[in-house]
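Close look at the chain arrangement
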Number of protein chains: 2
Amino acid sequence: MKLPKETKIHGRWYDDACGTAFALELVGERWSLLVMRELMLGPRRFSDLRASLPGISAKVLTERLAGLEASGVVLRETLPPPAAVQVYGLTEWGYRAEPIMQELGRWAAASPLHDPGLPLSSVSFMLSLRTMLDTARADGGSAAAGFGIGEDTFIARLANGEMPVRRESIDKVDFAFLARDAQVLVALFYGKVDPATLEAAGALEIRGDRAAAFAFVTLFALPSG
Amino acid sequence: MKLPKETKIHGRWYDDACGTAFALELVGERWSLLVMRELMLGPRRFSDLRASLPGISAKVLTERLAGLEASGVVLRETLPPPAAVQVYGLTEWGYRAEPIMQELGRWAAASPLHDPGLPLSSVSFMLSLRTMLDTARADGGSAAAGFGIGEDTFIARLANGEMPVRRESIDKVDFAFLARDAQVLVALFYGKVDPATLEAAGALEIRGDRAAAFAFVTLFALPSG
DNA sequence: CAGAATCCCATTCGATACTG
DNA sequence: CAGTATCGAATGGGATTCTG
């Protein structure tokens, strides 16, 4: 006779009261943190997530979402009619995991083995901007910067040294960067490639106040050493 | 004919330039971060590591150490004679991973599911002190606090709002806490259990300047909510 | 299209035994 | 003590299929 195999929160790996160990039990499985990363800028649908995470299978995504939901990190909700679609979003506590990803990224960026040539999801790029914002230089400045990356649009609103980013349509911004993919923006913001070159290649379009847009780009930089 | 199967850095999981994803390729395997945690306060021997990580097998520990060495996180060295034993330590870059663990711990501590009753390694406890130091209250203060936890001894040197912790014998400190295990110190520092109770139970001994020791304890607290 | 269910192979893990 | 070797069991994850 088999027990009905209750939803397990994935049984206690490390017998350890350390907060780090507990966190790893919650989000230490393969893919978990990357799923959370993709939700960090707002709820998404199952297939959006799948598309943003090259290599994840439907099964694994289902499992991770279920696990994260059981852990109180993810919330599954059905949008009100007429949309009536299912979306997954982070709980308030889930959103507070952003510093974990920032520290991981900051640390890994200092590795000599890092290959920045790989593809990048639009969310990854937008989150990296938040991490790489030079708060000293940005302080006092303010701007509403639009981003169009493939099908996705975001607005980053710089004010008081903070810069929340939201998935939002980009009308009413001071300027906007429209790019085919996130790598183009990596070249622009971190590679400091000349915008004119990218525009000439048809990979980038800058709308609105171009001077302000160029100034905005200078607020971001990879850690120096 | 079989290829000699070169040391693989464990082949590319996520095809993703995001720093977070890359970090997870380096240290995202089960146990990796906990091994690093145990090395965070100084080099250890294989069997010390095994003893501090309840549940890890010799095989997995060997594999993780090799992987971390290949990634440039861990360094294997042989102590000069007459000791001549093998120890594993973090590289300079490896030590810079501490904020990752702090953020993980901080975040997980806010979970309602966290069970603080589990056993805790001495390193976990000492690292938690660094995380939970109330820098506002500690600023200006200074002290050399000794800790004896089981067989391990550490000194935490508070000065200028910083508090490095080192594996070191505890003579020449202002005061020292001697405890049977880390849980006793959790009760003292975070549970705010009366020291007298713990001493009466034979679980704790406080040496040196007791008043200063009591004041020191008040500098640490779990996040309020 | 969203996602649950099944199948099956590859990998990983842990226990035990063994070695310098 | 510091691992290596081997083996069986558990798990993971891709592919495919099925349902609303």
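Residues numbered from 1 in each chain as written. Chains lettered and ligands numbered in written order. Predicted model: local features only at pLDDT ≥ 70, side-chain atom pairs only at ≥ 80, totals over all residues. Heavy atoms only, no water.

Turning our eyes to something else, we now look at the nonpolar core. One broad rule of soluble globular proteins: the nonpolar side chains tend to lie buried together. Counting residues in hydrophobic clusters, the biggest one holds 143 residues, and the most contacted among them are A:Phe147, A:Phe177, A:Phe189, B:Phe147, B:Phe177 and B:Phe189. Beyond its immediate chain neighbours, meaning those up to four positions away, B:Phe177 contacts B:Gly146, B:Phe147, B:Gly148, B:Leu185, B:Leu188, B:Phe189, B:Leu204, B:Glu205, B:Ile206, B:Ala213, B:Phe216 and B:Val217. (Core = buried A, V, L, I, M, F, W, Y, C linked by side-chain atoms within 4.5 Å. Buried < 20%, exposed > 50% of the residue type's maximum accessible area, 1.4 Å probe, protein only. Contact = heavy atoms within 4.5 Å.)

The next subject is the relation of the copies chain B and chain A. The transformation that overlays chain B on chain A combines an axial shift of 0.0 Å with a rotation of 180°, and the residual RMSD is 0.0 Å. On this basis, the relationship between the two copies can be described by a two-fold rotation axis. Of the C-alpha atoms belonging to chain B, the one lying closest to the rotation axis is found on B:Ile100, 3.0 Å away. A high fraction, 100%, of the interface residues of chain B reappear at the interface in chain A, so the copies pair face to face through one surface. (Least-squares fit on C-alpha atoms with pLDDT ≥ 70 in both.)

All names here are of chain A. Considered domain by domain, chain A is made up of domain 1 (19-96) and domain 2 (102-217). Distance from the C-alpha centre of domain 1 to the C-alpha centre of domain 2: 24 Å. Taken together, the contacts link seven residues of domain 1 with nine residues of domain 2. Buried surface at the junction of domain 1 and domain 2, summed over both partners, amounts to about 730 Å²; 65% is from carbon and sulfur atoms. Among the residues of domain 1 in contact with domain 2, Arg37, Leu41 and Arg44 are the three that bury the most area, contributing 72% of the side total. Counting across the domain 1 and domain 2 interface gives zero salt bridges. Top element by residues in the side of domain 1 that touches domain 2 is helix H2 (residues 32-39). It accounts for three residues. When its residues are assigned to classes, the side of domain 1 that touches domain 2 shows three nonpolar, one polar and three charged. (Domains from an automatic or database assignment. Buried area = accessible area lost by both parts, 1.4 Å probe. Salt bridge = Lys/Arg side-chain N within 4 Å of Asp/Glu carboxyl O. Helix = DSSP H or I, 4+ residues; strand = E, 2+ residues; numbered from the N terminus. Nonpolar A, V, L, I, M, F, W, Y, C, P; charged D, E, K, R; others polar.)

DNA strand C sits among 15 residues. The nearest are A:Phe46, A:Ser47, A:Thr62, A:Gln86 and B:Lys59. Within 4 Å of the protein, the contacting atoms of DNA strand C are 70% sugar and phosphate, with bases supplying the remainder. In the environment of DNA strand C, a phosphate oxygen lies 2.8 Å from a nitrogen or oxygen atom belonging to the side chain of A:Gln86. One of the side-chain N or O atoms of B:Arg64 is found 3.0 Å from a phosphate oxygen in DNA strand C. Among the elements of the structure, helix H3 (46-52), helix H4 (58-70) and strand E2 (86-90) of chain A together with helix H4 (58-70) of chain B are those that each provide at least two residues to the surface near DNA strand C. For the surface near DNA strand C, the element with the most residues is H4(B), which contributes four residues. (Near = heavy atom within 4 Å. Polar contact = N/O pair within 3.5 Å; in protein donor to acceptor, adjacent residues only side chain to side chain.)

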